[in-house]
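Structural overview
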Amino acid sequence: MVTGTHIAYLQTCHRKLWLFANGVQMEHTSDIVAEGKLIGETSYAERSRKYTELALDGIKIDFYDAKNKVIHEVKKTDKVEKAHIAQVKYYLYVLTKNGIDGATAILEYPKMKQKQVVEWEEGDKELVLSYIHEVSQIIRQPECPPLVKLSICKKCSYYDFCYSGEG
């Protein structure tokens, strides 16, 4: 089953996507991932009383305002904003597929004091379906995609795994 994490990883690194989907999960070893989780848990302390956690068709939305149909997604930085947008578009797709129409999302970057509204737009269904198809193709490959050196690699939880054989 495709998750929001798969969609986000599709946008950042196909190797990371394949490794994650095939059981090689390194997030638990990353201080950067831990810091991001801490930011998400502590930035809006009152939110867990006000909004609900929503798990549906393989997605888990930490903060969903059911009354106003708004997803709140907290992120550390906007360095991979394209991945964040794709992830919440996927969430909006899953909501729509389950009869929750008209929902929106807010990407929140508390350390940067920034927010971005993400709305479901014409053509998004086809876009999200193409993401799902591409994720499925990548994770079913018999071998891990080759290393592609990117500027974001040094902050990735898979960095040591990917670069252990590099000179």
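All of the points below concern the structure found in this document. (Residues numbered from 1 in each chain as written. Predicted model: local features only at pLDDT ≥ 70, side-chain atom pairs only at ≥ 80, totals over all residues. Heavy atoms only, no water.)

So, the overall build of the protein
Of regular secondary structure, the protein possesses seven helices and five strands. In the protein, the succession of helices and strands from N to C terminus is α-α-α-α-β-β-β-α-β-β-α-α. When burial is assessed residue by residue, the protein has 40% of its 167 residues classed as buried. In the protein, once contacts between residues fewer than 6 apart in sequence are set aside, the share between residues at least 24 apart is 68%. (Helix = DSSP H or I, 4+ residues; strand = E, 2+ residues; numbered from the N terminus. Buried < 20%, exposed > 50% of the residue type's maximum accessible area, 1.4 Å probe, protein only. Contact = heavy atoms within 4.5 Å.)

Brief notes about helix α5 (residues 81–97)
Over its 17 residues, α5 runs 24 Å from end to end, which matches the ideal 24 Å to within 8%, given 1.5 Å per residue. The element α5 is largely enclosed, with a buried count of 12 among its 17 residues. Taken as a whole, α5 has its buried residues at Ala83, His84, Ala86, Gln87, Val88, Lys89, Tyr90, Tyr91, Leu92, Tyr93, Val94 and Leu95. (Expected span 1.5 Å × (residues − 1).)

So, the state of the cysteines
A complete count under the given rule lists zero disulfides for this structure. In this model Cys156 remains outside any disulfide bridge; the closest cysteine sulfur is found in Cys162, 6.3 Å from its own. Just so you know, Cys162 is unpaired, no disulfide at all, and the nearest cysteine sulfur is the one on Cys13, 6.1 Å from it. (Disulfide = S-S within 2.5 Å.)

Comments concerning the packing of aromatic side chains
Scanning all chains against the criterion turns up four aromatic pairs. Members of the aromatic cluster, joined through ring pairs, are Tyr90, Tyr93 and Trp120. (Phe/Tyr/Trp six-rings, centres within 6.5 Å; stacked < 30°, edge-to-face > 60°.)

A closer look at the packing of helix α2 (residues 14–21) against helix α6 (residues 124–139)
When two helices pack together, their arrangement is captured by the angle between the axes and the distance separating the axes. Following both chains from N to C, one finds α2 and α6 inclined at 70°, their axes separated by 9 Å at the closest point. On the basis of their axis angle, the class for α2 and α6 is roughly perpendicular. The way α2 lies across α6 gives a crossing that is right-handed. Residues His14, Leu17, Trp18 and Ala21 of α2 lie in contact with α6, whose contacting residues are Glu134, Val135, Ile138 and Ile139. When its residues are assigned to classes, the contact of α2 with α6 shows six nonpolar, one polar and one charged. (Axes fitted to C-alpha atoms, helices over the stretch in contact; angles between N-to-C directions. Parallel < 35°, antiparallel > 145°, perpendicular 65-115°, else oblique. Left-handed = near helix turned anticlockwise from the far one by under 90°. Nonpolar A, V, L, I, M, F, W, Y, C, P; charged D, E, K, R; others polar.)

A short note on the environment of Cys144
One can find Cys144 in the loop between α6 and α7 (159–163). According to the relative accessible area criterion, Cys144 is partly exposed, its value standing at 26%. Taking the C-alpha atoms as reference points, Cys144 and Trp18, separated by 126 residues in sequence, lie 6.1 Å from one another. If we ignore the near neighbours within four places in the chain, the residues touching Cys144 are Arg15, Trp18 and Leu19.

Points about the nonpolar core
Counting 34 residues, the largest nonpolar core has Ile7, Ile61, Ile71, Tyr90, Tyr91 and Leu95 as its most contacted members. At the level of secondary structure, the elements contributing two or more residues to this core comprise α1 (4–12), α2, β2 (59–65), α5, β4 (104–109), α6 and α7. At eight residues, the largest contribution of residues to this core is made by α5. Excluding residues that lie within four positions of it along the chain, Ile7 makes contacts with Val2, Ala86, Gln87, Tyr90, Tyr131, Ile132 and Val135. (Core = buried A, V, L, I, M, F, W, Y, C linked by side-chain atoms within 4.5 Å.)

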